[in-house]
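# Fold and contact review
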Amino acid sequence: MLNDMYRSRKDNKPQITDRKDPVIWSDTASGSVLSPAQEDFYEQNGFLFIENVFSADEISTLRREAETLRQEGAAQEDTIKEASSNAVRSVFRIHEKNRTYLDLMADDRLASIAEHILNDEVYIHQSRVNFKPAFKGKEFYWHSDFETWHTEDGMPRMRALSMSITLSENTPYNGPLMLVPGSHKKFISCVGETPDDNYKNSLKAQKYGTPDQESLTAMIRKHGLAAPTGPAGSVLIFDCTTLHGSGNNITPFPRSNAFFVYNSMQNRVVAPFAANSPRPDFLATRENIRPIRDRKVQMPSHFKAAE
Ligand code: 6CS
Ligand code: FE
């Protein structure tokens with residue numbers, strides 16, 4: 001068993017410890033696709049919001065394909081419904097089910113940034129569309145993605161990041177993703193052993209692996225909150241450990257975002273650090289891990305390619 005550098009869900013009280021990994025793994029002076037100011041902002045805050053990365057035409061294609069995934073997914077295990085309605089909350093492994101999203105994951109506007117920050121070839125640990133539908137889109141409570149990916153998926157180090165592509169306008173009103181700037185420099189351990197098959201509940205409403213209110217209050221009092229908003233076609237890049245969450249969407253306007261989680265090929269998942277068994281492949285790629293540039297990344301035969 002690899003040394004557990006980030007203990008969580010094993011003790012009866014929470015602990016805030018320092019991050020043991022770099023935020024930007026490459027020498028920031030060398031050939032970055034980000035400006036020095038963008039690099040500095042990301043290193044210090046643990047996220048970076050870039051507006052208007054994709055054109056209106058590209059976004060309308062992405063929205064059309066997301067709608068296809070939403071309708072097709074209805075009865076599949078990788079489609080999660082809201083707890084309080086039949087509305088679709090998330091569809092996972094979009095890069096395996098749809099040619100448009102398979103191409104998007106390797107789009108240079110995304111992949112080259114991930115490869116630079118993680119200083120390695122990368123693969124997709126997880127992909128999804130979170131629909132946060134009008135009126136019915138429910139919260140994603142405060143959490144650090146890495147705490148779950150480490151304890152339940154077996155991700156060893158903090159050498160992964162998420163890219164969220166806004167498929168609809170993210171406004172201050174329709175449940176924008178909120179982040180705690182600078183929280184990625186600390187690791188908050190959580191209390192409470194992981195129940196078996198936890199994902200069957202956590203993807204609807206996360207209860208295990210969420211920071212205690214005292215730690216959250218301390219972090220938010222110290223660092224404040226940010227809720228980047230902007231037009232469809234923007235990209236939010238955030239470190240695997242940055243604390244984030246989002247509230248209910250009670251407006252008539254959906255807040256649908258596509259997410260790709262890029263993980264370094266040197267940080268492939270091993271056995272879970274605090275769960276009895278690994279989560280299914282649609283949540284954490286485990287079989288057939290290949291760099292995204294290896295275009296032989298085939299869609300599994302059981303998914304038909306989008307036209
Ligand atoms: O458990 C996970 O992997 C997912 N849960 C949340 C709330 N964010 C990251 C990821 O989608
Ligand atoms: Fe998350």
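In what follows, the structure referred to is the one given above.
Quick summary incoming for the structure in this document. Worth saying up front: this structure is predicted, and the values here are computed from it rather than measured. (Residues numbered from 1 in each chain as written. Chains lettered and ligands numbered in written order. Predicted model: local features only at pLDDT ≥ 70, side-chain atom pairs only at ≥ 80, totals over all residues. Heavy atoms only, no water.)

## Quick word on the packing of aromatic side chains
Each aromatic ring pair is described using two quantities: the centre-to-centre distance and the angle formed by the ring planes. Put simply, the rule is: Stacked, tilted and edge-to-face are the three classes applied to pairs of Phe, Tyr and Trp rings, where Trp contributes its six-membered ring and a pair requires centres within 6.5 Å; stacked means planes under 30 degrees apart, edge-to-face means over 60, and tilted covers the rest. Put simply, DSSP H or I for four residues or longer makes a helix, DSSP E for two residues or longer makes a strand, and each gets a number counted from the N terminus. Here the term buried applies to any residue with accessible area under 20% of the maximum for its type, exposed to any over 50%, and partly exposed to those in between, with areas from a 1.4 Å probe on protein chains only. Two conditions define a charge located above a ring, namely a distance within 6 Å from the ring centre to NZ of Lys or CZ of Arg, and an angle within 35 degrees of the ring normal.
One pass over the full model with this rule turns up eight aromatic pairs. Seen in terms of ring centroids, F146 and F187 are 6.2 Å apart; in terms of plane orientation they differ by 80 degrees. Their pairing is edge-to-face. Note that F146 is positioned in helix α6 (residues 145–151) and F187 in strand β9 (residues 186–188), a separation of 41 residues in sequence. Each of the two residues, F146 as well as F187, counts as buried. Here the aromatic cluster, defined as three or more aromatic residues joined through ring pairs, consists of Y6, F146 and F187. Above the ring of Y6, the side-chain terminus of K20 is found at 4.8 Å from the ring centroid. Above the face of the F140 ring, R89 is positioned so that its terminal group lies 3.8 Å from the ring centre.

## Some remarks on the environment of S90
Threshold: What makes two residues a contact is simply this: any of their non-hydrogen atoms within 4.5 Å.
Examined against the element boundaries, S90 turns out to sit in strand β4 (residues 88–92). The spacing of S90 and H150 is 60 residues in sequence and 21 Å in space, taken between C-alpha atoms. Discounting residues that sit within four places of it in the chain, S90 has contacts with D78, T79, I80, V129, N130, F131 and F140.

## Let's talk about the coordination of the iron ion (ligand 2)
Cut-off, in case you're wondering: The donor set comprises N, O and S atoms within 2.8 Å of the metal, extended to 3.2 Å for Na, K and Ca; water molecules are omitted, so apparent gaps in a site may simply reflect that omission. Angular criteria define each label, namely tetrahedral for four donors with all angles between 85 and 135 degrees, square planar for four and octahedral for six donors with opposite donors over 155 degrees apart and remaining angles between 65 and 115, and irregular for whatever fails these tests.
Distances from the iron ion (ligand 2) to its protein donors, H143 (NE2), D145 (OD) and H244 (NE2), fall at 2.1 to 2.3 Å. Coordination geometry of the iron ion (ligand 2): the four donor atoms subtend angles of 82 to 177 degrees at the metal centre, consistent with an arrangement described as irregular. Each donor residue of the iron ion (ligand 2) lies on the same chain, and together they follow the pattern H-x1-D-x98-H. The buried category is assigned to H143, whose relative accessible area is 8%.

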